[in-house]
Amino acid sequence: MTRVLLIEDDPAVRRGVVLGLSRNGHETEAVDTGEDGLKALAAIKPDLVLLDLMLPGMSGLEVCSRIRETGRLPIVILSARGDDTDVVTGLEAGADDYVVKPASTALIEARMRAVLRRVAPAQADTGADTGPATAGDLRIDRSALIVRKRGEELPLAPSELKLLLILSAAPERTFSRQQLLEDIWEHSYYGDVRLVDACVMRLRAKIEEDPRHPVYVQTVRGFGYRFGPLPA
């Protein structure tokens, strides 16, 4: 059973999502403001947050950023705003995925499952040894799913962690955006490669000394991304 916190101000949407998820065995708590959502985090200790962007008072984007500051709790945005700018803005704020309303319970659950799988140990997905590995200033512990930079643990979101695990497991191998999209988000339809670019930007902000000149997650123009090679 998954414990879900839904932050949604529309009563009809709130009732529909809670009913649909509860019927399928999920324990779902719903609040209607960002402020109440942040207060509920400590009491509920959810496995995942479903978050509307257009909330009264504190915006969904601010709520997303506040949650992301504290760790890698999975966040899926539910929003009626589905153009490219809104999607990328939500992802850049730290969300792990983005679902455009109206959406079926089946679709919401599929995205939830995909995000939650990124929190699980990823040895099978990366094809790599689960022991800690050092790369420059980074220490990547695949078993504990902890990444440290110069000894300080980094608060990586599930998608950021999965991206780093996949790239670092095969240094200097180039991965296409489409390949990363399918491996991390389990999306295969055209257009969502923007998820990859937004995630790379967030990851670089946390692990690179200068995100404008990345050392770890490097762009291969016209194709995708690779990890390293690191300078000697």
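This text goes with the structure placed above it.
Keep in mind that this is a model prediction, so the values were computed, not measured.

A. How the structure looks around the overall build of the chain. Summing up its helical and strand segments, the chain has nine helices and twelve strands in all. Within the span of the chain, comprising 232 residues, buried residues form 49% of the whole. Long-range contacts, defined as pairs at least 24 residues apart, comprise 58% of the intrachain contacts of the chain with a sequence gap of at least 6. Of the roughly 10,800 Å² of accessible surface on the chain, a fraction of 51% belongs to carbon and sulfur atoms.

B. Local environment of the pattern of salt bridges. A full pass over the atoms with the stated rule returns 13 salt bridges. Two residues, Glu 62 and Arg 66, come together in a salt bridge whose shortest N-O distance is 3.9 Å. A residue pair is termed a helical-turn pair when its members lie 3 or 4 positions apart in one helix, as Glu 62 and Arg 66 do in helix H3 (residues 60–69) at four residues. Its relative accessible area of 40% is what places Glu 62 among the partly exposed residues. Here the salt bridges share partners, and the residues they tie into one network are Asp 137, Lys 149, Arg 150 and Glu 209.

C. Highlighting helix H2 (residues 34–44). Considered for burial, the residues of H2 that qualify are Gly 34, Gly 37, Leu 38, Ala 40, Leu 41 and Ile 44. The buried residues of H2 occupy an angular sector of 165 degrees when the element is viewed end-on, so they sit on one face. Facing away from the buried side of H2 by over 90 degrees, the exposed positions are Lys 39, Ala 42 and Ala 43. Turning to H2, the residues buried within the fold contact strand S1 (3–7), strand S2 (27–31), strand S3 (48–52) and H3. After H2 finishes, the residue Lys 45 shows a positive phi value of roughly 50 degrees.

D. Representation of the pairing of S2 within the structure. The pairing of S1 with S2 spans five bridges and is classified as parallel. Counterpart to Ile 7 in the pairing with S2 is Val 31. Traced from S1 through helix H1 (residues 11–23) to S2, the parallel crossover comes out right-handed.

E. Expanded view of unusual backbone geometry. Cis geometry is adopted by the peptide bond preceding Pro 102, which originates at Lys 101 and carries an omega value of 0 degrees. Tracing the sequence through the fold places Pro 102 in the loop between strand S5 (97–100) and helix H5 (105–117). Even without a glycine there, the phi angle at Lys 45 is positive, about 50 degrees. Here Lys 45 is to be found in the loop between H2 and S3. In this model, Glu 172 sits at a positive phi of 75 degrees, which is unusual for a non-glycine residue.

Cut-off values and rules
Per chain, the residues get numbers from 1 upward, laid out in the order the sequence is written. Side-chain atom pairs in this predicted model are given and counted only at pLDDT of 80 or more, local residue features only at pLDDT of at least 70, and totals for whole chains, interfaces and linings cover all residues. Hydrogens and water molecules were not included; the side-chain quantities draw on all heavy atoms of the structure. Think of it this way: any DSSP run of H or I at least four residues long counts as a helix, any run of E at least two long counts as a strand, and we number them from the N terminus. With a 1.4 Å probe rolled over the protein chains alone, any residue whose accessible area is under 20% of its type maximum counts as buried; one over 50% counts as exposed, and the rest are partly exposed. By definition, residues are in contact when any of their heavy atoms lie within 4.5 Å. Here the Shrake-Rupley method, with its probe set to 1.4 Å, supplies the accessible areas, and only the displayed protein chains count as covering residues. Any Lys or Arg side-chain nitrogen found within 4 Å of a carboxyl oxygen on Asp or Glu counts as a salt bridge. By definition, the arc is the one covered by directions from the helix axis to the C-beta atoms. Any two strands between which DSSP finds at least two bridges are classified as paired. For the handedness criterion, the strands are oriented away from the viewer, and a crossover whose path from the first strand over the helix to the second runs clockwise is classed as right-handed.

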